[in-house]
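Report on the structure
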Amino acid sequence: MTRATRRTIAALAAAAWMAVLTPMAPAIAHDGHERQWAPSATEAQSSLSTLPAPQVLPGAKPQTTRVQIHGMAVGRQVLSRAGDETLADYAFSERGRGDQIRARWSLDARGLPLRYEAEGNDYWKVPLTERFERTEGAGAQASWKNRVEQGHRAWPEAGAFYLPANAPPEFTAVLARALLKAPGQRLALLPAGEATIAKGATIAAGGRRLTMYRISGIDFTPVPVWLDERLQTAAVVDDWFEVLEARDAALLPRLAAAQRDADQRWSADLARRLTHVPAGDLLIRHARLFDPRDGVAREDMRVLVRGGLIVRVEPDDASPAPPDTEVLDAAGRFLMPGLWDVHRHFAGTDGVFDLIAGVTSARDMANDNLPLIERVRRFDAGTELGPRVVKAGIVEGVGPLAGPTDVRVETLEQARQAVDWYAERGYAQIKIYSSFKPELVRPIADLAHARGMRVSGHVPAFMRAQQFIEAGADEIQHLNFIVLNFFPEVADTRGKDRYTVMAEKLLQLDLDSAPVTGFIAELRRRHTVLDPTVAILEGLYSGAPGEPPAALRGLVERFPPIVRRRLLSGAVAVPPGKEEAYRQALPRLLQLIRRLHDGGVTLMPGTDAFAGYTLHRELALYVRAGIPNAEVLRLATLTPAEVLGVAGQRGVIAAGKQADMVLLDGDPLTDIAALGQVHRTIKAGRVFDPAQLEAAMGMTR
């Protein structure tokens, strides 16, 4: 599984990967600190027991590496070699999902693929097959076919490396070794693109030397892989995903720290180059300024910014700017408060894409805690590009379908420890996940509320949304849990049924029935907030292999070729005979969104998907549901600030507020798609040019 695929999984599955402390069995987190909550051996064994027996080439000696999610074994990669053929049998399982890929390949003397064949299924259990082959000699040809593309071309004389659409982790190391042999350590990629490699840190341990190599050209940021002194694969480590031999498990903190240091230096250099800090005051002139408090855009306004705060907002009388003031002439453009995305799981370049899209505030809905705390500090200091972040801390139960987080709570005392840990580190709320014990919801809600924290989450399995809010939840993540409230027979919502079954149940749901209208009234009476994430549900129900997610249509074409290719599938496989239910799923969800809004339920837009651009799609879907444009803009600016307790600092463009704004070329009051026409993003008075940021991500115009 590629790094980009893993990042997509993290977003789609809302997987939150924590690193905090367990009185039972301390484990070492990536940052070298002890964790307070640790997954049990029973849970790890349960995940592994669901995997099929691996295949091995006849007569070959298998080499097994384990697949982990923050230290919990969830799968394996078994390599075997015979002659010039390699077989990789790769599989992992978490919450009933996970890749299973059996791939065979052979290489030429330069390490370039001669043949590649794979079969299996992706993370969502959608079947896949893939084939690449090339001929040799005069007139050599290369051809390939997978579920998102097929093609052929003359084999280039300088050679090229076919990068599979779905590959086991080992193939990252195969590419690294080929790059190390290549002239200038540079290779053309098939179907498109180019990759380079650079040597990073070396770690000595137990008589071995492990070296990090960073491959550029296959993701928005360099992708690391660890090779030993014989250039054999030692480890593939990502933000939450690890593939390594058991003997190297103790090295994981050092490997992760070295990768983190390299990533931070890369991010700091990017921030230094692409952040414009005015030398003195900043005066934005001749702006059409939107105020979410009354939904009105006022013509020809000016905004004076000093030291990251707004000093004055007033009609522009064309008087000269004060001395030593930098002027940004809006020239009639639409100026509005910076956008919010209330459902993020920050990783990689998410912060960059938020700023590209005008997102200046966000809420992280579960992450690797200590690294997240440090990342937010870098965002605030300007040494990494990203928005302001409100932190939510996840709590989960145990079991084979539990989310891959280290914060496992089975007792009231563990709940108390979790709440205290989060509260002491500035977290604003607790997020409950799907395997959390229903009987602990009320106690942990009381504990969180006593510390001034909010409570939200997935509705735990064997609990309904009605019971969840009665137990003290202030907010619900994902619209599907509202739908499933009316179908108690769907009791176990820990697996993908919470998505697939919902599509079928929607057609049975009468939105004007007494149970539905009564529950909407109850949500309003309790001031329960909903974070619907409609765009991600649209992607699951309305997508198809070979097509980009709806939120990225018109944008994927501008991504680097290899990244573009990986984003061409994210849909759930449609069960036979359920085509009509899936076709109707999105329209029905939008009808429900309209009923909720009209019924007085507070909506806060979040994405849980590709950063930045997906928020624009989320808001467009609200408009499509029938919510007025001005109201949608309020939901994306002032409403989250009010709900999350920071309206005194941001959410409107007014004197004394933080200088977080977005300047648009179009008018979203008449066409919500204008949100995609960001001219400048301003966070804390610092100015960002989205075109420059996109170019740094390898995007074309």
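All of these numbers come straight from a predicted model, not from anything done at the bench.

1. Considerations on the overall build of the protein
Along its length, the protein carries 19 helices and 33 strands. The globule rule puts the C-alpha radius of gyration for 701 residues at 27 Å, and the 25 Å found for the protein is close to it. With respect to the principal axes defined by its C-alpha atoms, the protein has extents near 80 × 60 × 50 Å. The buried share of the protein, reckoned over its 701 residues, is 62%. For the protein, the exposed area adds up to about 24900 Å²; of that, 51% sits on carbon and sulfur atoms. Charge-centre separation for the protein: the mean point of 84 positive side chains lies 2 Å from the mean point of 84 negative side chains.

2. With respect to unusual backbone geometry
Put simply, Leu190 and Pro191 share a cis peptide bond, and its omega is 10 degrees. Counting through the fold element by element, Pro191 comes out in the loop between strand 12 (186–190) and strand 13 (194–205). With a phi close to 65 degrees, Leu231 is a non-glycine residue in the positive phi region. One can find Leu231 in the loop between strand 15 (223–227) and strand 16 (233–237). Take Leu231: its relative accessible area is 32%, and that puts it in the partly exposed class. A positive phi is found at Asp608, a non-glycine position, where the angle reads about 55 degrees. Position of Asp608 among the secondary structure elements: in the loop between strand 30 (602–603) and helix 16 (613–625). Given the relative accessible area of 1%, Asp608 is considered buried.

3. Focus on the packing of helix 7 (residues 412–424) against helix 8 (residues 441–450)
For any two helices packed against each other, one specifies the crossing angle of their axes together with the interaxial distance. Orientation of helix 7 relative to helix 8, taken along the N-to-C sense of each, is 30 degrees, at an axis distance of 10 Å. In terms of their interaxial angle, helix 7 and helix 8 are classed as roughly parallel. Classified by chirality, the crossing of helix 8 by helix 7 is right-handed. Residue-level inspection shows Leu412, Ala415, Arg416 and Val419 of helix 7 in contact with helix 8, the latter providing Pro443, Ile444, Leu447 and Ala448.

4. Side note on the pairing of strand 18 (residues 281–291)
Where burial is concerned, most of strand 18 is hidden: 10 out of the 11 residues are buried. Of the pairings in the sheet, the one linking strand 18 to strand 21 (residues 325–329) comprises five bridges and is parallel in character. What sits directly across from Asp281, in strand 21, is Thr325. Examined bridge by bridge, strand 18 and strand 19 (residues 296–306) share seven bridges and lie antiparallel to one another. Of the residues in strand 19, the one forming a bridge with Leu283 is Leu304. Joining the antiparallel neighbours strand 18 and strand 19 is a turn of four residues, in which Gly295 adopts a positive phi near 75 degrees. Here two bridges tie strand 18 to strand 22 (residues 334–337), and the two strands are oriented parallel to one another. Residue pairing for strand 22: Leu289 is matched across the bridge by Leu335.

5. Focus: the sheet that holds strand 30
Judged by pairing direction, the sheet is parallel, and its three strands sit side by side in the order 28-29-30 without closing on themselves. Whereas interior strands pair on both sides, the edge strands pair on one side only; in this sheet they are strand 28 (475–477) and strand 30. With three bridges connecting them, strand 28 and strand 29 (residues 529–531) associate as parallel partners. For Glu475, the partnering residue across the bridge sits in strand 29 and is Val529.

6. Comments concerning helix 4 (residues 252–274)
The terminal C-alpha atoms of helix 4, which comprises 23 residues, lie 33 Å apart, in line with the 33 Å expected from a rise of 1.5 Å per residue. Every buried residue of helix 4 is accounted for by Leu252, Pro253, Leu255, Ala256, Ala258, Gln259, Ala262, Ser267, Leu270, Ala271 and Leu274.

7. Structural notes on the packing of aromatic side chains
Counted according to the given criterion, the structure contains 24 aromatic pairs. With a centroid separation of 6.2 Å and 15 degrees between ring planes, the pair formed by Trp105 and Tyr116 is classed as stacked. Placement of Trp105 in strand 6 (residues 100–107) and of Tyr116 in strand 7 (residues 113–121) is noted, with a sequence separation of 11 residues between them. With a relative accessible area of 2%, Trp105 lands in the buried category. With a centroid separation of 5.9 Å and an interplanar angle of 25 degrees, the aromatic rings of Phe290 and Phe334 are classed as stacked.

8. Points about the packing of helix 15 (residues 579–598) against helix 16
Put simply, helix 15 and helix 16 touch, their axes get as near as 8 Å, and they point 75 degrees apart. The angle between helix 15 and helix 16 places the two elements in the roughly perpendicular class. For the pair formed by helix 15 and helix 16, the contact residues are Leu586, Leu590, Ile593 and Arg594 on the first element and Leu621, Tyr622, Arg624 and Ala625 on the second. Here the residues of the contact of helix 15 with helix 16 sort into six nonpolar, no polar and two charged.

9. Focus: helix 15
With 20 residues, helix 15 ought to run about 28 Å at 1.5 Å a step, and its terminal C-alpha atoms sit 30 Å apart, in line with that. At Ala585, helix 15 is deflected by roughly 40 degrees, the largest bend along its length, and proline Pro587 occurs up to four residues later in sequence. Within helix 15 the residues assigned to the buried category are Ala581, Tyr582, Ala585, Leu586, Arg588, Leu589, Leu590, Leu592, Ile593, Leu596 and His597. Positioned one or two residues after helix 15, Gly600 has a phi angle of 90 degrees, which is positive.

10. Overview of the side chain of Glu94
Note on placement: Glu94 falls in the loop between strand 5 (85–92) and strand 6. Overall, the relative accessible area of 2% leaves Glu94 in the buried class. Filtering out sequence-adjacent residues up to four positions away, Glu94 remains in contact with Ile69, Tyr123 and Pro404.

Thresholds, definitions, all that
Residues numbered from 1 in each chain as written. Predicted model: local features only at pLDDT ≥ 70, side-chain atom pairs only at ≥ 80, totals over all residues. Heavy atoms only, no water. Helix = DSSP H or I, 4+ residues; strand = E, 2+ residues; numbered from the N terminus. Rg over C-alpha atoms; globule rule 2.2 N^0.38 Å. Buried < 20%, exposed > 50% of the residue type's maximum accessible area, 1.4 Å probe, protein only. Areas by Shrake-Rupley, 256 points an atom, 1.4 Å probe, with all protein chains shown as cover. Lys, Arg positive; Asp, Glu negative; His and termini not counted. Charge placed at Lys NZ, Arg CZ, Asp CG, Glu CD. Axes fitted to C-alpha atoms, helices over the stretch in contact; angles between N-to-C directions. Parallel < 35°, antiparallel > 145°, perpendicular 65-115°, else oblique. Left-handed = near helix turned anticlockwise from the far one by under 90°. Contact = heavy atoms within 4.5 Å. Pairing = 2+ DSSP bridges. Expected span 1.5 Å × (residues − 1). Phe/Tyr/Trp six-rings, centres within 6.5 Å; stacked < 30°, edge-to-face > 60°. Nonpolar A, V, L, I, M, F, W, Y, C, P; charged D, E, K, R; others polar. Bend = angle between axes of the 7 residues up to and from the residue.

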